[in-house]
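Structure assessment
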Amino acid sequence: MHDVVQIGPSSSQRRPLTGLAGRYVYCVADAGVQASLGNVGLEHSEVYTIPWQDICAVVHNCPPQPYLSGDRDAVQAWVMTHQRTVEAAWATWGTVLPLAFDTIIVAAAGGGADQQVADWLSREYGSLKARIQRVKGAAEYGVQVFWDTASAAREVTLSSLDAGKLRAQASSASPGMAYMYRLQLEHLLRNAMEAKGAELSRGLYDRIRAHAAEVRVEKAKQAEPGLRMVLSLSCLVHPDRYAQLGQELDKIGREQGLRVRFTGPWPPYSFVRDC
Amino acid sequence: MLDIEDKSLKQGVLGLVIALVEIIRDALRLQALRRVEGGSLTEAEVERLGRALMDLETTIEEIKQEQGIAETVRSVREGMDNVVDDILKLTASPLEWVRRGEEGQERCTTLSK
């Protein structure tokens, strides 16, 4: 259990480069250079690189503990800074493997922090290079497909034979029984919509998968009222398939009751770990 | 003088309570449906069950209207799923923050009819 240090975004002190035992790692870049990106890091820290052969870690110096705060706005500001720094590295060196927020390498006994980072790069060199090759030139895109619940309910109602029978029974029964029939009807419709939604998302997944080098299925979240998210994907896409993906999404977006949200390009956050 | 803090605290607590009641109500409905479909209940029993659930529904709606907490209840129920998800996922992936906050920004291209 380490000590928790509260740091807020309002403290704009410049940290001295020496004497800090932690290296906050933003990403690994496909370039064996020693360079500085300027004071673009968290808390206006200077971001620079620690190279090993033909790759480098993009870091800033920090105390050897994570950035923690109870203030949600403060954390959000840090996370946005992290994101912007990774993008700056991406723009500068073309291919990067982004690391998660708050990844810090700490100096161990018998070696400085910079050495620790270089050792880490050297140990992981093989798998880092392999990952770099897989994401080289590609970008991450987010694809979310939504289903208009009104049109979904309509599609499902038409094909449900039991529903008709239940409705007929409900209109002739006593209040309590009518209520139970109504509950049954809603239950049936909900199940049918679930099934149709699953079938739909399987088909869409296959169509989108064809245009991406790699795809990760994300958890479908609550959408705005009237819409249901049926599919949420992170896609690793190379430039030569981008146009086809766009066309496929366009086609999907024009289909009955469907809406597509296409975001990106991002550095390949979701494709750094081997699945 | 209107004490805003007291009022919104009361609303928050009531909203939470009614959200929990609704969740219990949903579980009761499922139970009731299973028993009805199981075929072991008489018509009179089904009628009583239906009435009880109907009355529960009406009471919940009345409370929500009278206390003006319909919106609070809705957002509590929505929030319940997302809370833990948020904390775990967002600090692990900065991308989620940006995706969440990107409505209307240049990076977002919405393709729809």
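Residues numbered from 1 in each chain as written. Chains lettered and ligands numbered in written order. Predicted model: local features only at pLDDT ≥ 70, side-chain atom pairs only at ≥ 80, totals over all residues. Heavy atoms only, no water.

For the rest of this paragraph, the subject is the overall build of chain A. Summing up its helical and strand segments, chain A has 6 helices and 10 strands in all. Taken over the C-alpha trace, chain A has a radius of gyration of 25 Å; the compact-globule value for 275 residues is 19 Å, which it surpasses by more than 25%. Across its three principal directions, the C-alpha atoms of chain A cover 85 × 45 × 30 Å. Burial analysis of chain A (275 residues in total) assigns 46% to the buried set. Counted over contacts in chain A with a minimum sequence separation of 6, partners at least 24 positions apart contribute 75%. Here chain A has roughly 13,200 Å² of accessible surface; of this, 52% comes from carbon and sulfur atoms. Averaging the coordinates of the 29 positive side-chain charges in chain A and doing the same for the 28 negative ones gives two points 5 Å apart. (Helix = DSSP H or I, 4+ residues; strand = E, 2+ residues; numbered from the N terminus. Rg over C-alpha atoms; globule rule 2.2 N^0.38 Å. Buried < 20%, exposed > 50% of the residue type's maximum accessible area, 1.4 Å probe, protein only. Contact = heavy atoms within 4.5 Å. Areas by Shrake-Rupley, 256 points an atom, 1.4 Å probe, with all protein chains shown as cover. Lys, Arg positive; Asp, Glu negative; His and termini not counted. Charge placed at Lys NZ, Arg CZ, Asp CG, Glu CD.)

This part takes up the nonpolar core. Soluble, globular proteins show a tendency: their nonpolar side chains are buried together. Residue and element names in this part refer to chain A. Judged by nonpolar contacts, the single largest core of 44 residues is most densely connected at Y26, V58, V145, I208, C235, L249 and I252. Counting residues per element, this core draws most heavily on helix α1 (residues 72-93), at 7 residues. Here I208 is in contact with V143, L231, L233, C235, L245, L249 and I252, once residues within four sequence places are set aside. (Core = buried A, V, L, I, M, F, W, Y, C linked by side-chain atoms within 4.5 Å.)

Moving on, we get to the packing of helix α5 (residues 175-209) of chain A against helix α6 (residues 239-253) of chain A. To characterise two packed helices, one gives the angle between the axes of the helices and the distance between these axes. Residues and elements named next belong to chain A. At a minimum axis separation of 9 Å, α5 and α6 run at an interaxial angle of 155°. Regarding the angle of α5 to α6, the classification is roughly antiparallel. Contact with α5, carried on its side by L204, R207 and I208, involves L245, E248, L249, K251 and I252 of α6 and no other residues of that element. (Axes fitted to C-alpha atoms, helices over the stretch in contact; angles between N-to-C directions. Parallel < 35°, antiparallel > 145°, perpendicular 65-115°, else oblique.)

Right, let's get into the side chain of A:T81. Examined against the element boundaries, A:T81 turns out to sit in helix α1. Apart from residues lying up to four places away in sequence, A:T81 is in contact with A:V40, A:G41 and A:L42.

All right, on to the pairing of strand β10 (residues 258-266) of chain A then. Residue and element names in this part refer to chain A. Of all 9 residues in β10, 7 are buried; the element is thus mostly enclosed. Judged from the 7 bridges that link them, strand β7 (residues 139-148) and β10 form a sheet pairing that is antiparallel. Opposite Q144, over in β10, you have R261 as the bridge partner. (Pairing = 2+ DSSP bridges.)

Here we come to the pairing of strand β9 (residues 227-237) of chain A. Residues and elements named next belong to chain A. Burial analysis of β9 places 10 of its 11 residues in the buried class, which makes it a mostly covered element. Pairing analysis gives 10 bridges linking β7 to β9, with the strands arranged antiparallel. Of the residues in β9, the one forming a bridge with D148 is L227. Note that strand β8 (residues 214-217) and β9 share 4 bridges and pair antiparallel. Bridge assignment links V215 to a residue of β9, and that residue is C235.

The next thing to look at is helix α2 (residues 43-67) of chain B. Each turn of an α-helix holds 3.6 residues, which means side chains three or four residues apart point in the same direction. Residue and element names in this part refer to chain B. A rise of 1.5 Å per residue sets the reference length of α2, with its 25 residues, at 36 Å; its end C-alpha atoms lie 36 Å apart and thus fit the reference within 8%. Among all positions in α2, only V46, E47, G50, L53, E57, I60 and K64 are buried. Phi for G68, located one or two positions after α2, is positive at around 65°. (Expected span 1.5 Å × (residues − 1).)

It is worth spelling out the packing of α5(A) against α2(B) at this point. Where α5(A) contacts α2(B), the two axes come as close as 7 Å, and the packing angle between them is 75°. Our classification of the angle between α5(A) and α2(B) gives roughly perpendicular. Of α2(B), the residues touching α5(A) (which contributes A:P175, A:G176, A:M177, A:Y179, A:M180 and A:L183) are B:E43, B:V46, B:E47, B:L49, B:G50, B:R51, B:L53, B:M54 and B:E57. Of the residues in the contact of α5(A) with α2(B), the class split is 9 nonpolar, 2 polar and 4 charged. (Nonpolar A, V, L, I, M, F, W, Y, C, P; charged D, E, K, R; others polar.)

Here we take up the pattern of salt bridges. Residue and element names in this part refer to chain B. The full count for this structure, using the stated rule, is 21 salt bridges over all chains. For the salt bridge of R77 with D26, the shortest nitrogen-to-oxygen distance reads 3.0 Å. With R77 in helix α3 (residues 70-92) and D26 in helix α1 (residues 4-38), the pair connects residues that are 51 residues apart, well separated along the chain. For R77, a relative accessible area of 28% puts it in the partly exposed group. Each of E22, R25, D26, R29, E57, E61, K64 and R77 takes part in one network of salt bridges that share partners. (Salt bridge = Lys/Arg side-chain N within 4 Å of Asp/Glu carboxyl O.)

A few words on the packing of aromatic side chains. All names here are of chain A. Summed over the entire model, instances satisfying the criterion amount to 7 aromatic pairs over all chains. Arranged with centres 5.4 Å apart and planes meeting at 75°, the rings of Y67 and W78 form a pair that is edge-to-face. Of this pair, Y67 sits in the loop between β4 (55-62) and α1 while W78 sits in helix α1; the two residues are 11 residues apart in sequence, bridging distant segments of the chain. Overall, the relative accessible area of 2% leaves W78 in the buried class. Ring pairing ties together the aromatic residues Y24, Y26, Y67, W78 and F101, which thus form one cluster. (Phe/Tyr/Trp six-rings, centres within 6.5 Å; stacked < 30°, edge-to-face > 60°.)

What follows is about a nonpolar patch on the surface. Residues and elements named next belong to chain B. A contiguous nonpolar surface patch, about 310 Å² in accessible area, is contributed by L16, L20, I23 and M80. Tallying contributions element by element places α1 first for the nonpolar patch, with 3 residues. For L20, the position within the fold is in helix α1. (Patch = residues over 30% accessible without salt bridge, like charges linked within 9 Å, V, L, I, M, F, W, Y side chains within 5 Å.)

Let's shift gears to the environment of A:D240. As for its position among the elements, A:D240 is in helix α6. Separated by 24 residues in the primary sequence, A:D240 and A:R216 have C-alpha atoms spaced 20 Å apart.

On to unusual backbone geometry. Residue and element names in this part refer to chain A. Note that the residue after G264, namely P265, is joined by a cis bond; omega there is 0°. Structurally, P265 can be placed in strand β10. Notably, E43 is not glycine yet its phi reads approximately 55°, a positive angle. Relative to the helices and strands, E43 is located in the loop between β2 (36-38) and β3 (47-52). Phi at D102 is positive, roughly 70°, even though this residue is not glycine. Mapping D102 onto the fold places it in the loop between β5 (96-98) and β6 (104-106).

As far as function goes, none of this settles anything; it's purely spatial.
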